Amino acid sequence: MSENRVEAKVDVEVVQKKDNLDDFLSKESSDIAQRLSRRSVQKCEPYIAPARDYSGREIYLDANENPYAMPISLELMMNRYPDSQPEQVIARYAEYLGVDQEEILATLGGDSAIELLIKAFCEPKEDKLLYLPPTFGMYQVTCDLYDVETVTVPLRDDFSIDLDALLSKLEAIDNIKMLFLCSPNNPTGNVIPTKDIETILEATRNKTIVVLDEAYIELSDQASFATRVKEYPHLALVRTLSKAFALAGIRMGFVVADRNLIDILRRVIAPYPLPVPAIAAAEMTLSPEGIAHMKKSRTKILQSRKKLEEALAGISIIERVYPSDANFLLVKVENSHSLFEYLSEEGIFVRYQSAPALANMLRISVGLPEENEALIAAIKRYAKGLEI
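Reading guide: rules and limits
- Residues numbered from 1 in each chain as written.
- Predicted model: local features only at pLDDT ≥ 70, side-chain atom pairs only at ≥ 80, totals over all residues.
- Heavy atoms only, no water.
- Helix = DSSP H or I, 4+ residues; strand = E, 2+ residues; numbered from the N terminus.
- Buried < 20%, exposed > 50% of the residue type's maximum accessible area, 1.4 Å probe, protein only.
- Contact = heavy atoms within 4.5 Å.
- Areas by Shrake-Rupley, 256 points an atom, 1.4 Å probe, with all protein chains shown as cover.
- Lys, Arg positive; Asp, Glu negative; His and termini not counted.
- Charge placed at Lys NZ, Arg CZ, Asp CG, Glu CD.
- Pairing = 2+ DSSP bridges.
- Phe/Tyr/Trp six-rings, centres within 6.5 Å; stacked < 30°, edge-to-face > 60°.
- Lys NZ or Arg CZ within 6 Å of the ring centre and 35° of its normal.
- Salt bridge = Lys/Arg side-chain N within 4 Å of Asp/Glu carboxyl O.
- Arc of directions from axis to C-beta.
- Axes fitted to C-alpha atoms, helices over the stretch in contact; angles between N-to-C directions.

Student: Can you tell me about the overall build of the protein, naming the residues and giving the values?
Tutor: Across its full length, the protein carries 12 helices and 13 strands. Considering only C-alpha atoms, the protein reaches an extent of 90 × 60 × 55 Å along its principal axes. Each of the 388 residues in the protein was classed as buried or not, and the buried ones make up 47%. In the protein, the share of contacts with a sequence separation of at least 24, taken over all contacts with a separation of at least 6, comes to 73%. Summed over all atoms, the accessible surface of the protein reaches about 20100 Å², with 51% contributed by carbon and sulfur. Of the side-chain charges in the protein, 44 are positive and 59 negative, and the distance between the mean point of each set is 1 Å.

Structure below.
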């Protein structure tokens, strides 16, 4: 055998051994991670956001973002840790809401606020959390992570709450420590009537923490419960700058609640939960000029929502456009999966709904006027193709 062939054989054997070792180490790493992780984590399905191409060719109407970016320019020193709770951000947000500064906790987005509340108040494998599906998926995901059993009271066919069924469940089931309400609700877009929320708050007084997710409240005409947290010390609001304030990229959220409830949350929040750029951007956004910008973009979004709703309702394959108090519309179509795939191929991304209660429905965020027009044109092309 020639020297070259011997060297080639040796090289192949070395590569094979290395591949076998890599496979072994990879399997060992996977096995030990799975074996030593918490059982509740092993059963969790991750909440995965789809990857995006920001080259400018795609239209994203799938994440309920504000398309009117907040004009922010920052020059920052980032070699020091930030304040645990940014004083100026808290002061400005308190003034905006009309509450005391001690009634606000700033968090890393609304998701972090949800997690903090469950972590602080719900005992794993002991307490229960009640929510009303279909609604925001992170309630269930976070309960799964912390081993908190969930109880559900499904919304009616028109997505209104079944108040009698909810009150009955609260009365019949022990250890319901927390109740989540979402108003305006994601993904259905409707609000819970104020009187119904008041009834629930009275029924749960001294028994259950009621979390009212108001992520989309600025897009609604319904009044926030922020100024009523003294009246209801068991009420906690989840708020965010991601939607109306157009700051989804900085992940700034808040819990608004009675100061005693906020004090409990301070015990479980990380010492430095917010990065310096997020704090600086939030501070600018909550200035008088930033709030004025938010209100102008809100007006544009609501005008576009009305036009989009009317245009969608006029397309033959759209069976229903549900009324919305948010920056998105839920629509029922003949074949949602087929339309979703077609729009994706056209570079237009909306949110597919897989829950049985949302069969053949898509959630469509309100975009810029030209994005909404491109969406309507694409759906019309799809509908025309079905006629051939």
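Student: Report on the pairing of strand β6 (residues 209–213), specifying residues and quantitative values.
Tutor: Counting buried positions along β6 gives five out of five residues, so the element sits mostly inside the fold. Where burial is concerned, the two faces of β6 agree: the one with Ile 209, Val 211 and Asp 213 and the one with Val 210 and Leu 212 are both buried. Where strand β5 (residues 176–182) meets β6, five bridges bridge the pair, whose relative direction is parallel. Pairing of Leu 181 across the sheet is with Leu 212, part of β6. Taken together, the four bridges between β6 and strand β7 (residues 235–240) define a ladder with parallel strand orientation. Looking at β7, one finds that Val 210 is bridged to Leu 235.

Student: Residues and numbers for the packing of aromatic side chains, please.
Tutor: Within this structure, the stated rule accounts for 12 aromatic pairs. An angle of 35° between the planes, with centres 4.6 Å apart, marks the rings of Tyr 139 and Phe 180 as tilted. Within this pair, whereas Tyr 139 is found in helix α5 (residues 138–145), its partner Phe 180 is found in strand β5, the two being separated by 41 residues in sequence. Phe 180 gets classed as buried once you look at its relative accessible area, which sits at 2%. Ring pairing ties together the aromatic residues Tyr 93, Tyr 96, Phe 245 and Phe 254, which thus form one cluster. Its end group placed over the ring of Phe 328, Arg 363 keeps NZ or CZ at 5.7 Å from the ring centre.

Student: Summarise the pattern of salt bridges; cite the residues concerned and give the values.
Tutor: The final tally for this structure, using the stated rule, is 16 salt bridges. The residue Asp 100 makes a salt bridge to Arg 259 at a minimum N-O spacing of 3.1 Å. Note that Asp 100 is positioned in the loop between α3 (87–97) and β2 (104–107) and Arg 259 in helix α8 (residues 259–266), a separation of 159 residues in sequence. Judged by relative accessible area, which is 28%, Asp 100 ranks as partly exposed. Across the pair Glu 310 and Lys 306 runs a salt bridge whose closest N-O atoms are separated by 2.7 Å. Linking Glu 310 with Lys 306, this pair stays in helix α10 (residues 288–313), spanning four residues, or about one helical turn.

Student: Which residues make up α3, and what are the values?
Tutor: Residues Val 89, Ile 90, Tyr 93, Ala 94 and Leu 97 constitute the buried set of α3. Projected onto a plane normal to the axis of α3, the buried residues spread over an arc of 125° and lie on a single side. For α3, the exposed residues lying more than 90 degrees away from the buried face are Glu 87 and Glu 95. The inward-facing, buried residues of α3 contact β2, β7, β8 (253–257) and α9 (276–285). Once α3 ends, the next one or two residues include Gly 98, with phi positive near 80°.

Student: Describe the sheet that holds strand β10 (residues 328–333), listing the residues and the values that go with them.
Tutor: Within the open sheet, the four strands sit side by side as β9-β10-β13-β12. Their pairing is antiparallel. Where the open sheet ends on each side, the last strands, each with one partner, are β9 (318–321) and β12 (351–352). Along the sheet, helix α11 (residues 336–345) makes contact with β10, β12 and β13 (361–365), crossing β13 at roughly 35°.

Student: Outline the environment of Leu 170, listing residues and values.
Tutor: One can find Leu 170 in helix α6 (residues 163–172). When sequence neighbours within four positions are dropped, the list of residues in contact with Leu 170 reads Leu 130, Ile 176 and Thr 204.

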